[in-house]
Amino acid sequence: MYALKSRLPPQGRIQRGLLTVAIVFATLAAVAFTLNLALSGVDRLKDVAAIVQSSVAAAAIVTGGVFAYYKLQLFRDFKPHLTISHDISHRVLSDSYMHLAVTATLHNRSKVQIELRNGFSRLQGVSPVSDEEVESLYAGTFEDMEHDTLQWPTLDEVDRAWDEGELIVEPGESHAETFEFIVGAYVYDTVLLYSYFYNPEASQDPGSARGWHATTVHDIVERVA
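Here's what I pulled together on the structure shown here. Because the structure is a prediction, the values reported are computed rather than measured.

Cut-offs used in this document
Residues numbered from 1 in each chain as written. Predicted model: local features only at pLDDT ≥ 70, side-chain atom pairs only at ≥ 80, totals over all residues. Heavy atoms only, no water. Helix = DSSP H or I, 4+ residues; strand = E, 2+ residues; numbered from the N terminus. Buried < 20%, exposed > 50% of the residue type's maximum accessible area, 1.4 Å probe, protein only. Contact = heavy atoms within 4.5 Å. Pairing = 2+ DSSP bridges. Axes fitted to C-alpha atoms, helices over the stretch in contact; angles between N-to-C directions. Salt bridge = Lys/Arg side-chain N within 4 Å of Asp/Glu carboxyl O.

## Section: the overall build of the chain
Along the chain, the regular secondary structure elements total three helices and nine strands. Beginning at the N terminus, the succession of helices and strands in the chain can be written as α-α-β-β-β-β-α-β-β-β-β-β. Among the 225 residues that make up the chain, the fraction classed as buried is 36%. Of the contacts made within the chain by residues no fewer than 6 positions apart, 74% connect residues no fewer than 24 positions apart.

Listed below in structure tokens is the structure:
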């Protein structure tokens, strides 16, 4: 499996900071209130009352910020997010084999850099298939609910792994990764390409995506009606 960094992601540090500040202010308010009950004297009471008022107001502001974070996700821009697009091409190599290339372009739409450690691209056959195969695919997905997507037969899969610091996509930038396949010529008229890239920060922030993916159907041979 891919390695994970020990440091908190930006959104995790923000969340922890807000909660810490809220706890501190709430504690100050409680202490000041206790002093107000225990001490005597008009001036002392005025000072303590002022502390209570200021502490409560500050605690309310910070608590409101924490609430907004959870409910409104004001800091969602600090969560890593990739948009993936496919560019697919194919060519005949010989009488029996065909070469297919898929370039997955990873666009970093977030405001934080994203370091990638693992990913893969999967080639699946779509057509032609028999009526029995179609019925089995349909039943497994839409009737038995065994799968969330149609389970087309997998022809090949290419894995990628990068060392720490090897592949980092900066905010607003893109990275293109090309996967190559060699398949039997004319076996399938249409194929499906599925690419997936894991999010190394996912286990540190349960609110983040586990990874990002793209699915594209590609016609190798266009049938004549």
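## Re unusual backbone geometry
Following Ser 127, the chain continues to Pro 128 via a peptide bond in cis, the omega torsion being 5°. Within the secondary structure, Pro 128 sits in the loop between β4 (118–127) and α3 (131–143). For Tyr 186, which is not a glycine, the phi torsion comes out positive at approximately 65°. The topology assignment puts Tyr 186 in the loop between β7 (174–184) and β8 (190–198).

## Focus: the sheet that holds β8
Strand order in the open sheet made by the four strands is β5-β4-β8-β9, with antiparallel pairing throughout. Each having just a single partner strand, β5 (154–161) and β9 (211–219) make up the two edges of the open sheet. Strand after strand, the sheet turns through a mean of 15° between neighbouring axes, direction not considered. When β4 meets β5, the two strands line up antiparallel, connected through seven bridges. Counted as the bridge partner of Gln 124 is Thr 154 from β5.

## Considerations on the pattern of salt bridges
Here the structure, examined in full by the defined rule, presents two salt bridges. Taking the shortest distance from any N to any O, the salt bridge between Arg 122 and Glu 157 comes out at 2.7 Å. Of this pair, Arg 122 sits in strand β4 while Glu 157 sits in strand β5; the two residues are 35 residues apart in sequence, bridging distant segments of the chain. Glu 157 gets classed as partly exposed once you look at its relative accessible area, which sits at 34%. For the salt bridge of Glu 177 with Arg 160, the shortest nitrogen-to-oxygen distance reads 2.6 Å.

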